Amino acid sequence: MFQNKARSHTSPDYILLGVIISLLLIGVIMVYSSSYVWAEYKFGDAWYYVKRQVLFAGVGVAAMLFVMKIPYSTWKKYARVILLACFILLFLVLIPGIGMVRGGAQSWIGIGAFSIQPSEFMKLGLIIFLSAFLATKQKYITSLKQGFLPSIMLIFTAFGLIMLQPDLGTGMVLVLTCMILVFAAGARLSHFFGLALLGLIGFVGLIASAPYRISRITAFLNPWEDPLGDGFQIIQSLYAIGPGGLMGLGFGNSLQKYFYLPEPQTDFIFAILGEELGFIGGTIVLLLFLLLLWRGIKVSLEAPDLFSRFLALGIVSMLAIQAMINISVVIGLIPVTGITLPFLSYGGSSLTLILCSVGILLNISRYTKI
């Protein structure tokens, strides 16, 4: 199997860093363009959202640079403490009076003028812990009782707490990311087939248990059945992307942000980008995410030991899955899930945690020959 390879310190992967900064800058610019109409209407300040996003980005970049200096092995040492803290936050957010309800989900904890989303912390915390667990117990991963089941039980415990909020989109990203790690560790395909069958039954049960999820499925299949209700978001998203054409309507010239498309600066920011910057702008963003995926996988393959390999793979998989789900929703390939687009969408805890995650990835790249 993998052999541990000691490497001397090198510079971080500057291509990866360049991609991250590029996506972040595009995000800040598009947050302004997509939000200034709503910000002016709601707060009397067209710069309201972009000023906060610049603050979040500044804090996030500072955190990324700080984390980039921390040896990745430190995270393995504190993996249990980090996971425990994440579980405590997930329990706290469910307590009335502590957890805040937004968009029908009790997913936030208010801290002064700002708020944090514990499920975002759990994604990174579980990746760190699972990477440490799989690196230590990899020889047992083919065993159902000793390796596979403990990993799966931990993953679905976190997923269950997230679903109590409920937040199916974040839960999906967490489960898919962790499944990639378990698969990469060498789990048996027969175990995955059995899990897939149980997962399909459970997924159908989750959809059937909540009427709004059924509505989202039917709206996805035929949004024109309810154009002013459940089908409204996807119809308005497609109305944004369609007129964009090859070159777009031009920066700042979106029509859908004028109170047509809900959440233009968060979940549907890619739709506004497509409307204003067209197919070319959208393609550039997609290519940047593909470049991020390639460099991240390259870091994982060149990492010096099992823990760093799993950790790098988990981080880049999380970002790729989240981007894929968000863009798929925006262009109408899958039902609405409420997932933000990494680096681009407006948000504090999400952006900060993403930048901390890539800080870890950049640190691992310092131990490779990239």
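Residues numbered from 1 in each chain as written. Predicted model: local features only at pLDDT ≥ 70, side-chain atom pairs only at ≥ 80, totals over all residues. Heavy atoms only, no water.

As recorded in an unreviewed UniProt entry, the protein chain goes by the name Stage V sporulation protein E, listed as coming from Virgibacillus salarius. According to the UniProt record, the Subcellular location (unreviewed entry) comment for the protein chain is "Cell membrane". (UniProt positions renumbered as here; feature names shortened; annotations may be inferred.)

All right, on to the pattern of salt bridges then. All chains considered together, the criterion is met by four salt bridges. Here Lys123 ties to Glu120 by a salt bridge, and the two come within 3.1 Å at their closest N and O atoms. Of this pair, Lys123 and Glu120 both sit in helix α5 (residues 118-137), three residues apart, roughly one helical turn. Accessibility classification places Lys123 together with Glu120 in one group, the buried group. Lys257 is the salt-bridge partner of Glu276, the closest N and O atoms lying 3.0 Å from each other. With a gap of 19 residues between them, Glu276 in helix α11 (residues 269-302) and Lys257 in the loop between α10 (232-244) and α11 connect regions that are remote in the sequence. (Salt bridge = Lys/Arg side-chain N within 4 Å of Asp/Glu carboxyl O. Helix = DSSP H or I, 4+ residues; strand = E, 2+ residues; numbered from the N terminus. Buried < 20%, exposed > 50% of the residue type's maximum accessible area, 1.4 Å probe, protein only.)

The next subject is empty space enclosed by the protein. Counted under the stated rule, the structure contains one cavity of 30 Å³ or more. In this structure, the largest cavity encloses a volume near 40 Å³. Along the walls of the largest cavity sit Glu120, Lys123, Leu124, Met318, Gln322, Leu353, Ile354 and Ser357, which together make up its complete lining. Where the lining of the largest cavity is concerned, the elements lending two or more residues are α5, α12 (306-330) and α13 (349-365). The residue inventory of the lining of the largest cavity, partitioned by class, reads four nonpolar, two polar and two charged. (1 Å grid on protein atoms, 1.4 Å probe; cavity = no way out; pocket = protein on both sides within 12 Å on 5 of 7 lines; lining within 4 Å. Points joined across faces, edges and corners; volume = space filled by probe spheres on them. Nonpolar A, V, L, I, M, F, W, Y, C, P; charged D, E, K, R; others polar.)

Bringing a nonpolar patch on the surface into the picture now. A cluster of nonpolar side chains, contributed by Trp38, Tyr41, Tyr258, Phe259 and Tyr260, occupies part of the molecular surface with about 580 Å² of accessible area. You can see Tyr41 is positioned in helix α1 (residues 14-43). Judged by relative accessible area, which is 60%, Tyr41 ranks as exposed. (Patch = residues over 30% accessible without salt bridge, like charges linked within 9 Å, V, L, I, M, F, W, Y side chains within 5 Å. Areas by Shrake-Rupley, 256 points an atom, 1.4 Å probe, with all protein chains shown as cover.)

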